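Descriptive structure summary
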Amino acid sequence: MPYNRQLLALLADGGFHSGAALAHTLGVSRSAVWKAVHALSAHGVEVYAVPGRGYRLPAPLELLHGDTILAQLSPRARRMLDGLEVHDELDSTSQHLLRNAAAWPGVHACLAERQTAGRGRRGRAWLSPLGHNIYLSVLWRFEQSPASLGGLSLAAGVAVAQVLRALGVQGLGLKWPNDVVWQGRKLAGILLDLNGEASGPCSVVTGVGLNVMMPQTQGALIDQPWTDLNTILGAPVLRNRCAGRLLERLIVTFDEYARNGLAPFLEPWRAFDTLTGKTVRLQWPQGSATGRVQGVREDGALRLSVNGVMRYYNYGEVSVREAS
Ligand code: BTN
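Structural notes, computed from the coordinates.

What counts and what doesn't
- Residues numbered from 1 in each chain as written.
- Predicted model: local features only at pLDDT ≥ 70, side-chain atom pairs only at ≥ 80, totals over all residues.
- Heavy atoms only, no water.
- Helix = DSSP H or I, 4+ residues; strand = E, 2+ residues; numbered from the N terminus.
- Rg over C-alpha atoms; globule rule 2.2 N^0.38 Å.
- Contact = heavy atoms within 4.5 Å.
- Areas by Shrake-Rupley, 256 points an atom, 1.4 Å probe, with all protein chains shown as cover.
- Lys, Arg positive; Asp, Glu negative; His and termini not counted.
- Charge placed at Lys NZ, Arg CZ, Asp CG, Glu CD.
- Pairing = 2+ DSSP bridges.
- Buried < 20%, exposed > 50% of the residue type's maximum accessible area, 1.4 Å probe, protein only.
- Arc of directions from axis to C-beta.
- Polar contact = N/O pair within 3.5 Å; in protein donor to acceptor, adjacent residues only side chain to side chain.
- Salt bridge = Lys/Arg side-chain N within 4 Å of Asp/Glu carboxyl O.
- Near = heavy atom within 4 Å.
- Phe/Tyr/Trp six-rings, centres within 6.5 Å; stacked < 30°, edge-to-face > 60°.
- Lys NZ or Arg CZ within 6 Å of the ring centre and 35° of its normal.

Next up on the list: the overall build of the chain. Tallying secondary structure elements over the chain gives 11 helices and 14 strands in all. Whereas a compact globule of 324 residues would reach a radius of gyration of roughly 20 Å, the chain reaches 21 Å, a difference of no more than 12%. Each principal axis of the C-alpha distribution contributes one length, and for the chain these read about 70 × 45 × 35 Å. In the chain, once contacts between residues fewer than 6 apart in sequence are set aside, the share between residues at least 24 apart is 65%. Surface accessibility of the chain: about 14,600 Å² in total, with carbon and sulfur atoms responsible for 50%. Within the chain, one finds 32 positive and 25 negative side-chain charges whose respective centroids are separated by 5 Å.

Next comes the structure, spelled out in structure tokens:
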């Protein structure tokens, strides 16, 4: 079911709007307004309806605007970016870039107010309600082979964590390879899709999902502890500014990774690492291992001491077994 962006834009100031005024501005009947309000609710936007006063959102909401996001970019990042799209709705920002990668030779980025089939790691869904969070994907071309891009997901995690720290979030951590967590709760997730020949080049779509203001009704559907930026900071976050800074940092990070690989990101990654010293279970489709985390190798692989033997893992899902 599509939503009415114009209606959302009118309600975005957080003030009351009477059904009659909305109907007049939108050029539709009051019952059409009522239906459109219900469609917004169905997409995760809470709308209060108060008899005699009209409709309002619980709090003001900032819709995404490409120009405002681009204005956050440094001239250097701006030069490297060939295109930015902001969509009202997509199945998935990453899928959109993957579908169009062949037609777009350069670097492209895309955001959506809502995803109907947001993808998380390991085939999970990424809950993507309308207008509250950030769903951002960036398509980048690397000359390197996919094999030498193993550390890229750690570098992307560092980029996101650095932006959030600069926005004032204290006590952020990274859970290998790149879950952004705060007090054990997931704040942002990152998904990389790599496509290329074994000898290179390789195009990579990096998708970032950042919880900015997750509606409680939607948050209740998430099957792991989560948090959002507004809760942590205790104040509303400007989504365009935040999206612009994320895009800037990802562009600069990918450019640096293309030149110098993971090396420049290892120290910052270690500073955000939440797992070293902990006993974890690592699971992958064919098996699992339990051991104590000993940091990461130069290529980003997880170092796990399993029954006294050091082992290295390039992928898998980590769960912490016990406080240690
Ligand atoms: C994870 O499971 O931790 C990764 C979540 C990645 C979600 C983002 S939202 C933007 C982009 N589009 C998607 O469909 N997924 C990624």
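There's plenty left to go through after this.
Bridge analysis of strand 12 (residues 302-306) against strand 13 (residues 309-313) gives five bridges, and the strand direction is antiparallel. What sits directly across from Val 306, in strand 13, is Val 309. Adjacent in sequence and paired antiparallel, strand 12 and strand 13 are bridged by two residues, among which Asn 307 carries a positive phi angle near 50°.

This next bit is on helix 2 (residues 19-26). Those residues of helix 2 lying buried are Gly 19, Leu 22, Ala 23 and Leu 26. Projected down its long axis, helix 2 carries its buried residues within an arc of 100°, all on one side. Tucked into the core, helix 2 has its buried residues touching helix 1 (5-11), helix 3 (30-42) and strand 2 (54-56). Positive phi appears at Gly 27, one or two residues downstream of helix 2, with a value of about 70°.

Attention now goes to the side chain of Arg 121. For Arg 121, the location among the structural elements is in the loop between strand 4 (108-112) and strand 5 (134-142). Of note is the side chain of Arg 121, whose polar atom sits 3.2 Å from the side chain of Asn 178. A distance of 3.2 Å separates polar atoms of two side chains, one belonging to Arg 121 and the other to Asp 179. Contact partners of Arg 121, with chain neighbours within four places excluded, come to Pro 177, Asn 178, Asp 179, Ile 190, Leu 191, Gly 316 and Glu 317.

What follows covers the pattern of salt bridges. With the rule as written, the count across this model stands at 17 salt bridges. The residue Arg 121 makes a salt bridge to Glu 317 at a minimum N-O spacing of 3.8 Å. Taken together, the residues span a long stretch of sequence, with Arg 121 in the loop between strand 4 and strand 5 and Glu 317 in strand 14 (residues 317-322) at a distance of 196 residues. The pair Arg 121 / Glu 317 is uniform in exposure class, with both members buried. The shortest N-O distance in the salt bridge between Arg 124 and Glu 317 comes to 3.1 Å. In this pair, Arg 124 is assigned in the loop between strand 4 and strand 5 and Glu 317 in strand 14, connecting sequence segments 193 residues apart. With relative accessibility at 38%, the residue Arg 124 sits in the partly exposed group.

Turning next to the site of the ligand. Neighbouring residues of the ligand: 20 residues in total, closest Ser 92, Gln 115, Arg 119, Arg 121 and Lys 186. One of the side-chain nitrogen or oxygen atoms of Ser 92 is found 2.8 Å away from an oxygen atom of the ligand. The side chain of Gln 115 places a nitrogen or oxygen atom 2.9 Å from a nitrogen atom of the ligand. Expressed as a share of its isolated accessible area of 410 Å², the protein-covered part of the ligand is 98%. With four residues, strand 8 (residues 185-196) is the largest single contributor of residues to the shell around the ligand.

All told, the structure shown has six aromatic pairs when counted by the stated rule. For the ring pair Tyr 257 and Phe 265, a centre distance of 6.5 Å and an interplane angle of 25° mean the geometry is stacked. Look at Trp 284 and Tyr 313: their rings are 5.4 Å apart centre to centre, the planes differ by 35°, and that puts the pair in the tilted class. Placement of the pair is Trp 284 in strand 10 (residues 279-284) and Tyr 313 in strand 13, with a sequence separation of 29 residues. On the basis of relative accessibility, which here comes to 13%, the residue Tyr 313 falls in the buried class. Here the basic side chain of Arg 56 rests over the ring of Phe 16, its NZ or CZ set 5.6 Å away from the ring centre. For the cation-ring pair, Arg 297 lies above Tyr 312, with the distance from its terminal atom to the ring centre recorded as 4.5 Å.

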